[in-house]
Amino acid sequence: MFTATRPARPNGAQPEGAPPAAGVDLDRSAVPEPDFDIDELVARHSLPLVVIDVARAARQYRALREAFPSVEVHYDVSALANPALIAAVAESGGSFVAAHDGALAALTASQSDLRRVLHATAATHPHEVLAAYNAGVRRFVVDGPADVEKFASAPHDLALVVRLQPHTPPQAAHVAPRGVTARDAHRVVRDAAALGVRIAGFSLSTRPGASCSDYVAAIARTAGVMADVQAATGARFDVLDLGDGFPGRAARRPGERAELARAIRAIVAPGTSRVTVTASAGHAVTAGCITIIGGTVERDVDPFTASECIDAGAEVAVLVDGDQPHPLLRLPFFRAVATSGHRILRSVQRGRTTGSTAG
């Protein structure tokens, strides 16, 4: 049986949704300078030029997996849906999360193994669930009873992960919290069982740029909910998802990264509890990977801004292993395809969806 210790407020954690403390935001100044030769790229391409450093993103993804060996880190494809990056993640044995409608299409186009995909996009109709299942997806995130009903009589190898609302609702009045409350979790599990649907576990929510203490508090709370629901319903859970934006500000703070990794092992004990810990990482993988070269050099550019630049006619250079442009992009046909294909919708802030982003 899955058990967990539940410290009331470990390490002085602040509740989710609380105003960020000083230093919570990711420090863009901490992003390393581009490690490619800007002058060489300028000599080969016209300006403005959007440089997408897939090699760096792939290294940062591998570094995350090494830092959190007990966590199945899913790459959030909506952060940067470049085919070369998707291929690099797949080749390293990584997993993906499809958090937007366009993400699953990008993964399918890249011929990725969709059995390694966590489907976190709201399904509006059962036929969408069936289409994703037939494509290979087996694990879905749901926000409540209405979502669960769409999976009625689902195949036995399909599993759902229920998103829990943050302990403290979002401060913005127009942003409705996603997921179910801890109080309603047991009812969702019972309703799913009546429909023949298996709930594999729960997904927690944290504020953007969450600190290590934020994560520790949320993990302990979620583990406690799982233990309580398990005792009340007799269900057995094998997934604890750490939500999106992983690992918060620890992405740029090695000390916090090590502290968070130790806390995950201590609270969840994946090796003995038989619980798989998953998490979705987007910006932590792509930080510093998009540069725009024009009258000035802008680094760590938001993908949405880069996409607008591409729409306006900027040339694109994709750097892969060895920081060399992808060989296919030297050919005019593939250059055109690459330039027109660097986009995917992305929600920059929870509760708000923006337009296309470079990918």
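Residues numbered from 1 in each chain as written. Predicted model: local features only at pLDDT ≥ 70, side-chain atom pairs only at ≥ 80, totals over all residues. Heavy atoms only, no water.

1. Here's the deal with the pattern of salt bridges
Here is step 1: Applying the stated rule across the entire model yields 12 salt bridges.
Here is step 2: We note a salt bridge from Lys 150 to Asp 147, for which the minimum N-O separation is 3.4 Å. (Salt bridge = Lys/Arg side-chain N within 4 Å of Asp/Glu carboxyl O.)

2. Description of the packing of helix α2 (residues 54-67) against helix α3 (residues 83-91)
Here is step 1: Orientation of α2 relative to α3, taken along the N-to-C sense of each, is 30°, at an axis distance of 9 Å. Relative to α3, α2 is oriented roughly parallel. Here α2 and α3 pass one another in a crossing that is right-handed. In this structure, α2 contributes Val 54, Ala 57, Ala 58 and Tyr 61 to the contact, and α3 contributes Ala 84, Leu 85, Ala 88 and Val 89.
Here is step 2: A breakdown of the residues in the contact of α2 with α3 according to their chemical character gives 8 nonpolar, no polar and no charged. (Axes fitted to C-alpha atoms, helices over the stretch in contact; angles between N-to-C directions. Helix = DSSP H or I, 4+ residues; strand = E, 2+ residues; numbered from the N terminus. Parallel < 35°, antiparallel > 145°, perpendicular 65-115°, else oblique. Left-handed = near helix turned anticlockwise from the far one by under 90°. Contact = heavy atoms within 4.5 Å. Nonpolar A, V, L, I, M, F, W, Y, C, P; charged D, E, K, R; others polar.)

3. A look at the sheet that holds strand β11 (residues 297-298)
Here is step 1: Read from one edge to the other, the open sheet built from 4 strands follows the order β11-β10-β1-β12, with strand pairing classed as mixed. Each edge of the open sheet carries a strand with a single partner, namely β11 and β12 (315-319).
Here is step 2: Relative to β11, strand β10 (residues 290-293) is paired through 2 bridges, and the arrangement is antiparallel. By the bridge assignment for β11, Ile 293 is matched with Val 297. (Pairing = 2+ DSSP bridges.)

4. Digging into the confidence of the model for the protein chain
Here is step 1: This prediction gives the protein chain a mean pLDDT of 80; 77% of its residues lie at or above 70.
Here is step 2: Of all the helices and strands in the protein chain, strand β13 (residues 344-345) carries the lowest mean pLDDT, 36, while strand β8 (residues 239-241) carries the highest, 97.
Here is step 3: Contacts for the low-pLDDT stretch residues 1-29, under 50 throughout, to residues beyond four places or in other chains number 64 contacts.
Here is step 4: In the predicted structure, residues 323-357 sits below a pLDDT of 50 and forms 83 contacts with residues beyond four places in sequence or in another chain. (pLDDT = per-residue confidence, 0-100.)

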